[in-house]
Amino acid sequence: MADLAARLEEIVGAGNVLSGDAIGDDYAHDETLTATATKPAHVVRPANADEVAAVLTLAAENGTPVTARGSGSGLSGSAVPREDGILVSFERMNKIVEIDTVNHVAVVQPGVTLHELEAATAEVGMVYPVYPGELSASLGGNVSTNAGGMRAVKYGVTRHHVLGLQAVLPTGEIIRTGGKFVKASTGYDLTQLIVGSEGTLALVTEAVLKLQPRMKEQATILAPFPDLASVATAVPKVVGSGLGPLILEYIDALTMGAITYTADLQLGIPDEVKEKSQAYLVVMLENNSTQRLEEDVEAVGVLLSELGSLDVYSLPGGAARKLIEAREKAFFTAKGAGADDIIDTVLPRAALPDFFAKVMEIAQGNQTLVVGCGHAGDGNVHLAVFQKDAEVRHRVLHELFAAGMALGGAISGEHGIGREKKQHFLDLEDPAKIELMKRIKQAFDPRGILNPGVLFD
């Protein structure tokens, strides 16, 4: 190990290799509730793709496991390193290489955060619209997990905005995929294969990201409903209305109470309405025209009333921002309340009513509290599971995932599988697909050094 550290220092410099007690606790974990924090043997902080390539070449020679880390804000355990391995931290590779306003792209290194890119694009009237909620998250991590978020109902998830990559293969080869163009039919789409692969196929060292024009006006509507089934039924009709919501979120009554209490947020909803409300729908619209936005707000209000909402509230700007911020922090609210796990299963919008009914059945059958909110517009349901017994909790999660898949869904919509959902993934997914994924992994990573234990054993 001492010899390995010395060789790593030759690559990235002595001040950019940490070993033993010099490794801080933050490098040992991400935000996953159930993962066991593990310090790696070494942390390296490369400055460029050539240094990453040299590190991976050395790791391949020695058969040393390698895990990539951005901001450590993930929720699947993908950034938790192996104790006998190398953690590649991209904190020094944090440059916005270019904001190209002609081709409408940003070229960024993996350590750039969403907050930094948001500030840079705002200066030129553009926006990178993927909005996972945690603005300290790194773009490299977002690419590796195919992060989504509240704006996915309108703009899609990370993979819809990644036009090209520079990536280092575990063999030490540096490749470029895609570019500053929006379509290609030239061989296999390696860009999209690497996006969402959770650091198991290659390490992303640069990304070409598609930008959108920044809309000038926004409005937020809050609609309480008498039950969750009514919200679930309303969602496909709002999406199909042609009004193009930027955000379409559901929040159950318990979660709404928790996040508004934590944020000290008053939404102006009368107590008699709150008492009748079991779930809420949050609809945000955007436009460059104030008049058109007002017309859309009115149309949404009429539609929600027709769909059974108890009332409709157009929130003032300050309250709207605070509500969205509180919704973004729902994970931390659940964590603070003692949640034992968080899942993010996804399914067709039309299946939401059946799924919510199944969630209630599973929760009651296992004497477990399951509450949540989610990106209802794209069928991505976030559930906080309160169950201290690990065996019971595993069974609850398995039944929830199985129920979602039976309705045409998938285990994870945006957090990824990582280490923590791996067994559910291996047990429930089509074995033929698992074997194909393993062959792809072998082709990219013949020595099996990249993130072993993530996705597969």
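Residues numbered from 1 in each chain as written. Predicted model: local features only at pLDDT ≥ 70, side-chain atom pairs only at ≥ 80, totals over all residues. Heavy atoms only, no water.

Novice: Hey, could you run me through the overall build of the chain in this one?
Specialist: When helices and strands are tallied, the chain shows 16 helices and 18 strands. For 457 residues, the compact-globule estimate of 2.2 N^0.38 gives 23 Å, and the C-alpha radius of gyration of the chain, at 22 Å, lies within 12% of that figure. Taken along its principal axes, the extent of the C-alpha atoms in the chain is 70 × 55 × 40 Å. The proportion of buried residues among the 457 residues of the chain is 54%. Split by element, the accessible area of the chain, about 19400 Å² in all, is 50% carbon and sulfur. Distance between charge centres in the chain, computed from 38 positive and 58 negative side chains, equals 3 Å. (Helix = DSSP H or I, 4+ residues; strand = E, 2+ residues; numbered from the N terminus. Rg over C-alpha atoms; globule rule 2.2 N^0.38 Å. Buried < 20%, exposed > 50% of the residue type's maximum accessible area, 1.4 Å probe, protein only. Areas by Shrake-Rupley, 256 points an atom, 1.4 Å probe, with all protein chains shown as cover. Lys, Arg positive; Asp, Glu negative; His and termini not counted. Charge placed at Lys NZ, Arg CZ, Asp CG, Glu CD.)

Novice: Explain helix H10 (residues 290-306) to me, please; I cannot follow it from the model alone.
Specialist: Residues separated by three or four positions in an α-helix point in the same direction, a consequence of the helix having 3.6 residues per turn. With 17 residues, H10 should reach 24 Å at 1.5 Å per residue; the first-to-last C-alpha distance of 25 Å fits that figure. What H10 keeps buried is the set Leu293, Asp296, Val297, Val300, Gly301, Leu303 and Leu304. Considered in projection along H10, the buried side chains sweep an arc of 165° and stay on one side of the axis. For H10, the exposed residues set more than 90 degrees away from the buried face come down to Gln291, Arg292, Glu294, Glu298 and Glu306. In the core, the buried residues of H10 are packed alongside strand E12 (217-225), helix H7 (228-239), strand E14 (279-287) and strand E15 (313-315). Immediately downstream of H10, the backbone of glycine 308 shows phi near 105°, a positive value. (Expected span 1.5 Å × (residues − 1). Arc of directions from axis to C-beta. Contact = heavy atoms within 4.5 Å.)

Novice: Just checking my understanding: could you explain the layout of surface pockets for this structure?
Specialist: Empty space among the atoms becomes visible once a probe the size of a water molecule is rolled across them. Its boundaries defined by the atoms lining it, the second largest pocket holds a volume of some 810 Å³. Lining the second largest pocket are 36 residues, with Arg159, Gly196, Glu198, Ile417 and Met437 positioned closest to its centre. Breaking the lining of the second largest pocket down by element, the ones donating at least two residues are helix H6 (190-194) and helix H16 (431-444). Looking at the lining of the second largest pocket, the element that brings in the most residues is H16, giving five residues. Here the residues of the lining of the second largest pocket are counted per class, giving 16 nonpolar, 13 polar and seven charged. (1 Å grid on protein atoms, 1.4 Å probe; cavity = no way out; pocket = protein on both sides within 12 Å on 5 of 7 lines; lining within 4 Å. Points joined across faces, edges and corners; volume = space filled by probe spheres on them. Nonpolar A, V, L, I, M, F, W, Y, C, P; charged D, E, K, R; others polar.)

Novice: For this particular structure, what's the right way to read the pairing of strand E8 (residues 162-168)?
Specialist: Along any regular strand, the residues point their side chains to alternate faces of the sheet. Where burial is concerned, most of E8 is hidden: seven out of the seven residues are buried. Where E8 lies against strand E10 (residues 203-210), six bridges are found, and the strand directions are antiparallel. Pairing of alanine 167 across the sheet is with valine 204, part of E10. One ladder, built from five bridges, connects E8 with strand E9 (residues 174-178); its direction is antiparallel. Residue pairing across strands places glutamine 166 opposite arginine 176, the latter belonging to E9. (Pairing = 2+ DSSP bridges.)

Function cannot be inferred from these measures alone, as they are strictly geometric.
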